[in-house]
Number of protein chains: 2
Amino acid sequence: MDADNNLFSPIKNRRAFEEVSLKIKALIFDGILKPGDKLPSETDLARQFNVGRQTIREALRILELSGFITVHKGGSGGPIIKDTILNTISALFLDAFRMKKMSLMELTVARLEIERVVLNYVMDSIDDSDIKSLQESVNRAKKKIENNIIATEENLQFHKLLAKASKNHVFVLIVETIMAAVADFLSRIRPDVETSNNVVEYHEQILRAIVEKKREKALNLLEEHLLEVRRRLQPFIDQEERAGGKEGDKQKG
Amino acid sequence: MDADNNLFSPIKNRRAFEEVSLKIKALIFDGILKPGDKLPSETDLARQFNVGRQTIREALRILELSGFITVHKGGSGGPIIKDTILNTISALFLDAFRMKKMSLMELTVARLEIERVVLNYVMDSIDDSDIKSLQESVNRAKKKIENNIIATEENLQFHKLLAKASKNHVFVLIVETIMAAVADFLSRIRPDVETSNNVVEYHEQILRAIVEKKREKALNLLEEHLLEVRRRLQPFIDQEERAGGKEGDKQKG
DNA sequence: TCACATTTGTCCGTATGTATC
DNA sequence: AGATACATACGGACAAATGTG
């Protein structure tokens, strides 16, 4: 898109902290540095790369935000390879959603379509361990509902576990990302226990259909479930529409 | 997921540069700072936030990497709000793909499913301007092929333009993200002109079917097209499999 | 074209907080 | 509890880049 990943890219225009972060990233990509490994301290890195400590710090900030490392302070602390890159993608997606680059309407539409596709794969690739985690998640949710507590966390987890059962990491990432945005939204509107209960009941039925290998039934239940969710969200979608929700698309580059 | 977005979260445990970046982010979310606006210089920001310049710089690195600002040096330079957050998500996804958290196999599977769904929406929401850009993209590609040049860029663009025609920003983001990974892969294997030509011909047929409002035909063509792409990629998928492609899933937290 | 002011980029010295041993 | 090691943060200084007059 931009003049970015093309030939004839800048030769010397990179800043020092960018070079440092790229070099460390390359070590990770090449498997020389693995998750759990500890990087030298900032002072040591500065010496080894022959740059100042501030340069190292900015490089570490980049790697930290990108999800390649975490930094621990105190004795025997320092930066360690942590590989939480998938989380950071969800975080950025959430930012984009918050900036109204994407509307609630678009999100729910995409969610329905993608989860339908994912479920189709789940029917073929689910194993006992997946079923067990799903069952446990549903049970936890039911217990909460019995105690009159909303089970948002468990309900979102159900969909993430479902994606995991598809055994496709791309689906996992997409669903987790969408769920992060959904969670952010739900945390603001605080659904009532009755709504939460409705969700749990659907999840239970979907899980049963999956276990019984009834593909069509499972797909229909999921569709019903997500349409019901959408129906309950409709007031907020309308509200967003009225407020002139999606405006972006202004600047060009 | 993590202890992150809950009540009673840490009060003072955040690092100074995090607070600064969050404060600036909040100004952007609230619309007080808009794309194109110029932030004060680093020295001014340091004065205003009552921190050192190093702290400001680390905060700016975060905002830069997250896609909220870009930084220009020199007279009348400085940080400006740039809102390219969607691009940075693709970049991170690419990192994840490079780290073998996702295999080429998983990527092509997900791509086929998602593009099928997207096309279904495109059939309903496409307008003349979309058709025009798609046509132009195809024409550019054909011209390149005539001159015996591979048209990878244009071919990838076709799919991105298709996603845009769905008028759903979530789909756009997902497809652009997947295409960034595909582009990264293709840049390494360098397809021949014949393959590139095959792709262009499919795109032309798909576009014609869309214009003629033949939904089933368009969907079938897309499926054929992507299966053909997958067939040509199969050797590399096998190779990845043999090399023990996806290993990840080791560390826990 | 040529200085000049502005601003980022970078380095250094130093001080402080904090976690580990 | 004390020593150590480390990140965190501040302030001063200079170089490099870039737009302006």
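Residues numbered from 1 in each chain as written. Chains lettered and ligands numbered in written order. Predicted model: local features only at pLDDT ≥ 70, side-chain atom pairs only at ≥ 80, totals over all residues. Heavy atoms only, no water.

## A look at the overall build of chain A
Stage number 1. In terms of helices and strands, chain A carries 10 helices and two strands.
Stage number 2. Going from N to C terminus, chain A has its helices and strands arranged as α-α-α-β-β-α-α-α-α-α-α-α.
Stage number 3. Based on the C-alpha atoms only, the size of chain A along its principal axes is roughly 60 × 45 × 35 Å.
Stage number 4. Residue burial in chain A is summarised as follows: out of 253 residues, 48% are buried.
Stage number 5. Mean positive and mean negative side-chain charge positions of chain A (40 and 39 charges, respectively) differ by 4 Å. (Helix = DSSP H or I, 4+ residues; strand = E, 2+ residues; numbered from the N terminus. Buried < 20%, exposed > 50% of the residue type's maximum accessible area, 1.4 Å probe, protein only. Lys, Arg positive; Asp, Glu negative; His and termini not counted. Charge placed at Lys NZ, Arg CZ, Asp CG, Glu CD.)

## With respect to the protein's contact with DNA strand D
Stage number 1. Around DNA strand D, a shell composed of 25 residues is seen, among which A:Arg53, B:Arg15, B:Ala16, B:Thr55 and B:Gly75 lie nearest.
Stage number 2. If you look at DNA strand D and keep only atoms within 4 Å of the protein, 75% of those are sugar or phosphate atoms.
Stage number 3. Contacts to DNA strand D include A:Arg61, whose side-chain N or O atom sits 3.3 Å from a phosphate oxygen.
Stage number 4. Contact between DNA strand D and B:Arg15: a phosphate oxygen at 2.7 Å from a side-chain N or O atom of the residue.
Stage number 5. Those elements that provide at least two residues to the surface near DNA strand D are helix H3 (53–66), strand E1 (69–72) and strand E2 (78–81) of chain A together with helix H1 (16–29) and helix H3 (53–66) of chain B.
Stage number 6. Of the residues assigned to the surface near DNA strand D, the class counts are five nonpolar, 12 polar and eight charged. (Near = heavy atom within 4 Å. Polar contact = N/O pair within 3.5 Å; in protein donor to acceptor, adjacent residues only side chain to side chain. Nonpolar A, V, L, I, M, F, W, Y, C, P; charged D, E, K, R; others polar.)

## Remarks on the relation of the copies chain A and chain B
Stage number 1. Screw-axis analysis of chain A against chain B gives a translation of 0.0 Å along the axis, an RMSD of 0.1 Å, and a rotation angle of 180°. Taken together, these values place the two copies in the relation of a two-fold axis.
Stage number 2. A high fraction, 96%, of the interface residues of chain A reappear at the interface in chain B, so the copies pair face to face through one surface. (Least-squares fit on C-alpha atoms with pLDDT ≥ 70 in both. Contact = heavy atoms within 4.5 Å.)

## Some thoughts on the protein's contact with DNA strand C
Stage number 1. Around DNA strand C there are 25 residues in total, and A:Arg15, A:Ala16, A:Gly52, A:Thr55 and B:Arg53 lie nearest to it.
Stage number 2. For DNA strand C, the fraction of atoms within 4 Å of the protein that belong to sugar or phosphate moieties is 67%.
Stage number 3. In the model, a base oxygen of DNA strand C is placed 2.7 Å from a nitrogen or oxygen of the B:Arg53 side chain.
Stage number 4. At a separation of 3.3 Å, a sugar or linking oxygen of DNA strand C approaches a polar backbone atom of B:Gly74.
Stage number 5. Elements with a contribution of two residues or more to the surface near DNA strand C: helix H1 (16–29) and H3 of chain A together with H3, strand E1 (69–72) and strand E2 (78–81) of chain B.
Stage number 6. Of the residues belonging to the surface near DNA strand C, the class tally is five nonpolar, 12 polar and eight charged.

## What about the pattern of salt bridges?
Stage number 1. Applying the stated criterion to the full structure yields 52 salt bridges over all chains.
Stage number 2. One salt bridge connects B:Glu64 with B:Arg61, and the closest N-O pair in it is separated by 2.9 Å. Taken together, the residues B:Glu64 and B:Arg61, both in helix H3 and three residues apart, mark about one turn of the helix.
Stage number 3. The residue B:Asp127 makes a salt bridge to B:Lys167 at a minimum N-O spacing of 3.3 Å. In this pair, B:Asp127 is assigned in the loop between helix H5 (104–125) and helix H6 (128–146) and B:Lys167 in the loop between helix H7 (152–165) and helix H8 (169–189), connecting sequence segments 40 residues apart.
Stage number 4. The exposure class of B:Asp127 is partly exposed, given its relative accessible area of 30%.
Stage number 5. Taking relative accessible area as the criterion, B:Lys167 reaches 35% and is therefore assigned partly exposed.
Stage number 6. Here the salt bridges do not stand alone but share partners, grouping A:Arg15, A:Glu18, A:Glu58, B:Glu42, B:Arg53, B:Arg57, B:Arg61 and B:Glu64 into one network. (Salt bridge = Lys/Arg side-chain N within 4 Å of Asp/Glu carboxyl O.)

## Focus: H1(B)
Stage number 1. Counted at 1.5 Å a residue, the expected span for H1(B) with its 14 residues is 20 Å, and the 20 Å between its end C-alpha atoms agrees.
Stage number 2. Residues of H1(B) that are buried include every one of B:Phe17, B:Val20, B:Ser21, B:Ile24, B:Lys25 and B:Ile28, and no others. All buried residues of H1(B) fall inside an arc of 130° around its axis, so they share one side.
Stage number 3. Packed against the buried residues of H1(B) are H3 and helix H4 (85–98) of chain A together with helix H2 (42–49), H3 and E2 of chain B.
Stage number 4. Trailing H1(B) by a residue or two, B:Gly31 shows a phi angle of about 80°, which is positive. (Expected span 1.5 Å × (residues − 1). Arc of directions from axis to C-beta.)

## Remarks on helix H4 (residues 85–98) of chain B
For an α-helix, 3.6 residues make a turn, and residues three or four places apart therefore share a direction.
All names here are of chain B.
Stage number 1. The end-to-end C-alpha separation of H4 is 20 Å, in line with the 20 Å expected for 14 residues at 1.5 Å each.
Stage number 2. Where burial is concerned, most of H4 is hidden: 10 out of the 14 residues are buried.
Stage number 3. Among all positions in H4, only Ile-85, Thr-88, Ile-89, Ser-90, Leu-92, Phe-93, Leu-94, Asp-95, Ala-96 and Phe-97 are buried.
Stage number 4. Looking one or two residues past H4, Lys-100 carries a phi angle of roughly 65°, positive in sign.

## Notes on the interface of chain A and chain B
Reports often express the size of an interface as the amount of accessible area lost when the parts come together.
Stage number 1. Listed by partner, the interface residues are 53 residues for chain A and 53 residues for chain B.
Stage number 2. Across the chain A/chain B interface, buried area totals approximately 5400 Å², and carbon plus sulfur atoms make up 64% of it.
Stage number 3. Of all residues in chain A, A:Leu92, A:Met99 and A:His169 give up the largest surface area on contact with chain B, accounting jointly for 12% of the area buried on that side.
Stage number 4. Applying the counting rule to chain A against chain B returns 10 salt bridges.
Stage number 5. Between B:Arg15 and A:Glu64 there is a salt bridge, and its shortest N-O distance comes to 2.8 Å.
Stage number 6. Linking chain A with chain B are 14 residue pairs in polar contact (both at pLDDT 80 or more).
Stage number 7. Within the residue set of the side of chain A that touches chain B, elements represented by two or more residues are H1, H3, H4, helix H5 (104–125) and helix H8 (169–189) of chain A. (Buried area = accessible area lost by both parts, 1.4 Å probe.)

## Structural notes on the confidence of the model for chain A
Residues and elements named next belong to chain A.
Stage number 1. With 91% of its residues at a pLDDT of at least 70, chain A reaches an overall mean of 89.
Stage number 2. Predicted confidence for residues 1–11 stays below pLDDT 50, and this span has four contacts to residues more than four positions away or in other chains.
Stage number 3. Considering only residues more than four positions removed or in separate chains, one finds that residues 245–253, a stretch of pLDDT under 50, has 13 contacts. (pLDDT = per-residue confidence, 0-100.)

## Focus on the packing of aromatic side chains
Working definition: an aromatic ring pair is given by the centre-to-centre distance plus the angle between the planes.
Stage number 1. Taken as a whole and judged by the stated rule, the model has six aromatic pairs over all chains.
Stage number 2. Judged by centre distance (6.0 Å) and plane angle (90°), the rings of A:Phe29 and A:Phe68 are edge-to-face. Within this pair, whereas A:Phe29 is found in helix H1, its partner A:Phe68 is found in the loop between H3 and E1, the two being separated by 39 residues in sequence.
Stage number 3. Here B:Phe185 and B:Phe236 contribute two aromatic rings whose centre-to-centre distance is 5.7 Å and whose plane-to-plane angle is 85°, an arrangement assigned as edge-to-face. In this pair, B:Phe185 sits in helix H8 while B:Phe236 sits in helix H10 (residues 215–242), placing the two residues 51 residues apart along the sequence. (Phe/Tyr/Trp six-rings, centres within 6.5 Å; stacked < 30°, edge-to-face > 60°.)

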